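# Structure assessment
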Amino acid sequence: MEHQVFVPVPADDLRAVLRDPARVARCVPGLQQDADTEAGPVSGRLKVRVGGSTVTYRGALAVIERDPGHFTFEGEGTEVRGSGTVKFSVDLRLSPAEDGTRLDFTAGATADGRAAAFSPEAAAAAVQRLLDRAVGQLTAGSALGDPVAEAEEAEAGESDDNGPGFVEGDVTEVTASLYDTEVPPPSLDPFLAGGFEELDGAPRPPAEAAHARRTMIGRSAEEVDHAPPRGRYAPVPAPATTTAGDSLRWIAPAAALALASAVVIGRALRRRR
């Protein structure tokens, strides 16, 4: 199978990415790299979708530079859920073109297991889709550059800035104990924010007054924290209890009024007779 793609990136930038296996691994779409570094930087699990089926392979890929404009990718993989295997080889040729580079792919593969049941048209479409995505990652990776190389260059530039006369032994190490550090004054006391100067024309109060003020602030904060809740969560007051003394307060006047009424009614009846 042959496939051709044009990218607006110089050929030298693409070669710089292809010569770095770690950056090549980032260009493989969907590659889940293994933690085992002995298998190589371009190794792990790759999920491939062919037609309406998805197959996951575990394998490794090797990049061989035939010449400055010719690279070969050789790899093999085994199905994660099955015994099928696949071996492939992809030749890539970089041809400088106007405002970019032309990439010519020539791919071939042998497979058994589930991959052998796919139609050639579906397998070719899946490979082309995978190559297009890889080329997109390759273009993005060449535009970003190599972060490791940039960090090394930055460190080299810092070492050059020190100059030829720089001697590391000339640096004096300054250490300070934690207990020697001056403790700043608390923010609750406005008189300690400045020095010993007067505040608003008034003399600075003595230390006892500042200590008493901080103590009062602390007590008021505790009182606020322990204040009873209000609103719907306020405690319900206990019902008022009545005693015998409270009952006699209204029974005695009522008895006197009833007795006086009976005397008046008795006298009135006697007069009528």
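Residues numbered from 1 in each chain as written. Predicted model: local features only at pLDDT ≥ 70, side-chain atom pairs only at ≥ 80, totals over all residues. Heavy atoms only, no water.

## Some remarks on the overall build of the chain
Secondary structure assignment for the chain yields six helices and seven strands. Classification of the 273 residues of the chain by burial places 19% in the buried group. If you sum the accessible surface of the chain, you get close to 20,300 Å²; carbon and sulfur atoms cover 56% of it. (Helix = DSSP H or I, 4+ residues; strand = E, 2+ residues; numbered from the N terminus. Buried < 20%, exposed > 50% of the residue type's maximum accessible area, 1.4 Å probe, protein only. Areas by Shrake-Rupley, 256 points an atom, 1.4 Å probe, with all protein chains shown as cover.)

## Some words on the environment of L31
Within the element layout of this structure, L31 appears in strand β2 (residues 31-33). Along the primary structure L31 and R45 are separated by 14 residues, whereas in three dimensions their C-alpha atoms are 5.8 Å apart.

## Re the pattern of salt bridges
With the rule as written, the count across this model stands at four salt bridges. In this structure, R15 and D12 form a salt bridge, with 2.2 Å as the shortest nitrogen-oxygen distance. Of the two residues, R15 and D12 are both situated in helix α1 (residues 11-18); the distance of three residues between them amounts to about one turn of the helix. In this structure R15 comes out as buried when scored by relative accessible area, which is 14%. (Salt bridge = Lys/Arg side-chain N within 4 Å of Asp/Glu carboxyl O.)

## Focus on the nonpolar core
Judged by nonpolar contacts, the single largest core of 21 residues is most densely connected at L103 and F105. Among the secondary structure elements, those contributing two or more residues to this core are β1 (2-7), α1, α2 (21-27), β5 (70-79), β6 (85-97), β7 (100-111) and α3 (120-144). (Core = buried A, V, L, I, M, F, W, Y, C linked by side-chain atoms within 4.5 Å.)

## What to know about the sheet that holds strand β4 (residues 53-67)
Judged by pairing direction, the sheet is antiparallel, and its seven strands sit side by side in the order β1-β7-β6-β5-β4-β3-β2 without closing on themselves. Both edges of this open sheet fall to β1 and β2, since each of them pairs with a single strand only. Neighbouring strand axes in the sheet, compared pairwise and without regard to direction, differ in orientation by 30° on average. When β5 meets β6, the two strands line up antiparallel, connected through nine bridges. Note on β6: the bridge partner recorded for G77 is V86. In the packing of α1 onto the sheet, the strands contacted are β1, β4, β5, β6 and β7, and the crossing angle to β6 comes to about 155°. (Pairing = 2+ DSSP bridges. Axes fitted to C-alpha atoms, helices over the stretch in contact; angles between N-to-C directions. Contact = heavy atoms within 4.5 Å.)

## Looking at the pairing of β4
Where strand β3 (residues 43-50) meets β4, eight bridges bridge the pair, whose relative direction is antiparallel. By the bridge assignment, S43 is partnered in β4 with A60. The antiparallel hairpin formed by β3 and β4 contains two residues in its connecting segment, where G51 sits at a positive phi of about 65°. In terms of strand pairing, β4 meets β5 through ten bridges, oriented antiparallel. What sits directly across from E65, in β5, is F71.

## Digging into the confidence of the model for the chain
Low pLDDT means the predicted atomic positions in that stretch should not be read closely. Per-residue confidence for the chain gives a mean pLDDT of 75; residues scoring 70 or more make up 61%. Across residues 165-174, where pLDDT falls below 50, the model places one contact with residues more than four positions away in sequence or in other chains. Contacts of residues 191-199 to residues separated by more than four positions or lying in other chains number ten contacts, the stretch itself having pLDDT below 50. (pLDDT = per-residue confidence, 0-100.)

## Focus on unusual backbone geometry
Glycine aside, residues mostly have negative phi, and peptide bonds are mostly found in the trans state. Its identity as a non-glycine residue notwithstanding, D99 has a phi of 65°, on the positive side. Inspection of the secondary structure puts D99 in the loop between β6 and β7. D99 gets classed as exposed once you look at its relative accessible area, which sits at 66%.

## Quick word on the environment of P96
By the element assignment, P96 lies in strand β6. Sequence-wise, P96 and G69 are 27 residues apart; in three dimensions their C-alpha atoms are separated by 9.2 Å. What P96 contacts, discounting residues up to four positions off in sequence, is A11 and T101.

## A word on α1
Along α1, the residues classified as buried are A11, L14, R15, V17 and L18. Each buried residue of α1 lies within a common arc of 160° when the element is viewed along its axis, so the set occupies one face. (Arc of directions from axis to C-beta.)

## A look at the side chain of T101
Tracing the chain through its elements places T101 in strand β7. By relative accessible area, T101 is classed as buried at 0%. Residues contacting T101, with those up to four places away along its chain left out, are V5, F6, V7, V9, P10, A11, L14, L94, S95 and P96.

## So, the pairing of β1
Side chains H3, V5 and V7 of β1 all project onto a buried face; the interleaved residues E2, Q4 and F6 project onto a face where none is buried. One ladder, built from six bridges, connects β1 with β7; its direction is antiparallel. Across the sheet, H3 pairs through a bridge with F105, a residue of β7.

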